[in-house]
Amino acid sequence: MKLRQSAAFAAIAVLALTATACGGKSGSAGDKQAAKPGQSGAPQLPTYTVAKDVTVDSPTFKAAKARGKLIIGSKADQPYLGFEDQSTKVRSGFDVEIAKMIAADLGFTDKQIEWKTVDSGIRETAISKGQVDYYVGTYTINDKRKKLVGFAGPYYKAGADLLVRKDETAITDKSTVKGKKVCSIVGSTPLQEIKKPEYGAKVVELAKYSDCVQQLLTKQVDAVTTDDSILKGYAAANPGKLKVTGHPFTEEPYGVGMNKDDKALRDFVNTSIEKHVQDGTYKKIYEATLGLSDAKYVAPPAVQRY
Ligand code: GLU
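From a predicted model like this one, the values you see are computed outputs, not experimental measurements.

A.B. asks: I'd love a proper account of the site of the ligand, names of residues and values included.
C.D. replies: As a matter of local geometry, the ligand sits amid 17 residues, with Lys75, Ser120, Thr138, Tyr209 and Asp227 nearest to it. Ser120 is positioned with one of its side-chain polar atoms (N or O) 2.6 Å from an oxygen atom of the ligand. Taking Thr189, its main chain carries an N or O atom lying 2.8 Å from an oxygen atom of the ligand. Out of a free accessible area of 280 Å², the ligand has 100% covered by protein chains. Partitioning the shell around the ligand into residue classes produces 5 nonpolar, 7 polar and 5 charged.

A.B. asks: Before we move on, can you summarise helix H8 (residues 228-237) with the specific residues and values?
C.D. replies: In terms of burial, H8 is a largely internal element, 9 of the 10 residues being buried. Within H8 the residues assigned to the buried category are Asp228, Ser229, Ile230, Leu231, Gly233, Tyr234, Ala235, Ala236 and Ala237.

A.B. asks: Could you give me a rundown of the pattern of salt bridges, with the residues and numbers involved?
C.D. replies: Overall, the coordinates contain 16 salt bridges when judged by the stated rule. One salt bridge in this structure joins Glu97 and Lys100, with 3.4 Å as the shortest N-O distance. Of this pair, Glu97 and Lys100 both sit in helix H3 (residues 94-105), separated by 3 residues, roughly a single helical turn. Under the relative-accessibility criterion, Lys100 is labelled buried at 15%.

A.B. asks: Requested: an account of the sheet that holds strand E4 (residues 91-92), with residues and values cited.
C.D. replies: Spatial strand order, E2-E3-E4: 3 strands in an open sheet with antiparallel pairing. Both edges of this open sheet fall to strand E2 (77-78) and E4, since each of them pairs with a single strand only. Across 2 bridges, strand E3 (residues 82-84) lies against E4 in antiparallel orientation. The partner of Glu84 across the bridge, within E4, is Arg91.

A.B. asks: How would you sum up the sheet that holds strand E11 (residues 223-227)? Please name residues and give values.
C.D. replies: The strand order across the open sheet formed by 5 strands is E10-E9-E11-E8-E12, and the pairing between neighbours is mixed. Sheet topology places strand E10 (202-206) and strand E12 (242-244) at the edges, where each strand pairs with a single neighbour. Ignoring strand direction, the axes of neighbouring strands in this sheet form an average angle of 30°. Most of the contacts of helix H7 (residues 209-217) go to E11, to which it runs at about 150°, and overall it touches strand E8 (160-165), strand E9 (181-185), E10, E11 and E12. Relative to E11, H8 is tilted by about 130°, and along the sheet it contacts E8, E11 and E12.

A.B. asks: So what's going on with the state of the cysteines? Residues and values would help.
C.D. replies: Taken as a whole and assessed by the stated rule, the structure comprises 1 disulfide. Here Cys183 pairs with Cys212 through a disulfide, and the sulfurs are 2.1 Å apart. Disulfide Cys183-Cys212: the torsion about the S-S bond is -75°, which places it as left-handed. Residue Cys183 is located in strand E9, and its partner Cys212 is located in helix H7; the two are separated by 29 residues in the primary sequence. Here Cys183 matches Cys212 in class, with each residue buried.

A.B. asks: Kindly report on the pairing of E9, identifying the contributing residues and their values.
C.D. replies: Counting buried positions along E9 gives 4 out of 5 residues, so the element sits mostly inside the fold. Each parallel crossover has a hand, and the one from E9 via helix H6 (residues 189-194) to E10 is right-handed. Looking at chain direction, E9 and E11 are connected through 2 bridges and run parallel. Residue pairing for E11: Val182 is matched across the bridge by Ala223.

Rules used throughout
- Residues numbered from 1 in each chain as written.
- Predicted model: local features only at pLDDT ≥ 70, side-chain atom pairs only at ≥ 80, totals over all residues.
- Heavy atoms only, no water.
- Near = heavy atom within 4 Å.
- Polar contact = N/O pair within 3.5 Å; in protein donor to acceptor, adjacent residues only side chain to side chain.
- Areas by Shrake-Rupley, 256 points an atom, 1.4 Å probe, with all protein chains shown as cover.
- Nonpolar A, V, L, I, M, F, W, Y, C, P; charged D, E, K, R; others polar.
- Buried < 20%, exposed > 50% of the residue type's maximum accessible area, 1.4 Å probe, protein only.
- Helix = DSSP H or I, 4+ residues; strand = E, 2+ residues; numbered from the N terminus.
- Salt bridge = Lys/Arg side-chain N within 4 Å of Asp/Glu carboxyl O.
- Pairing = 2+ DSSP bridges.
- Axes fitted to C-alpha atoms, helices over the stretch in contact; angles between N-to-C directions.
- Contact = heavy atoms within 4.5 Å.
- Disulfide = S-S within 2.5 Å.
- Right-handed = clockwise from strand over helix to strand, strands pointing away.

In structure tokens, the structure reads:
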């Protein structure tokens, strides 16, 4: 199980270029294989107490209660954040756990969660059409998106950075991408940023993060840009192959996306986040997921209610 999980984890991230099946206990993303969430030796995930007799005056919540399950949107190809093991279908990562923590407060067990993989380019559509009850997937809160969806949070703050091959010396920060092929993802904020003429980059747009990483490993592109949190996960999942340049150049506060007009759900989720930052659950989640890549723990920003 451990071997299979580990192999799948590496395979999806690097497409079998490094099929390292032995996980070390190291928490660093150097040349050693970092531990995976849930692997023995890794910090333990907290358990979530499923609340009873919850009432929330939220149309989304009421519909979920009536159907007996909660539909959560997430990513499936981001190691340590939102990852789905293709052989076991088990989901792991920081965003997955934040989503489960909120679900428990709403009174839903793990078994009552239906996961939907929703990539960056179709998030607003999936949420506004009610295809998911809420969405947790490296989703930056911004005013443009707020016109289409509602956001609880932020529950984390990332920043766009650059992922390059380990032997790369020319690309060191955002000022060194002129004329370079830089891959990013349709519908993401770092794609919009890197397309600005001031960078002078040759931008390659793809739908999935794992596709950009594959192109980097096979030298079709020179760099991948997106949030440092995501890039550190890929670097950790590809020991000795990739590195993050380490100079973030945007601010990406992560929110839980939901129906734009469902203020009751938004308030509830904000309270859930605040409560679990205070009781230490949030930190435990972090240490057992994202903290296993090279992303150091930082206290989350205060939630912004509106
Ligand atoms: N946080 C950025 C965004 O929401 C990039 C990550 C992603 O595509 O999910 O666009």
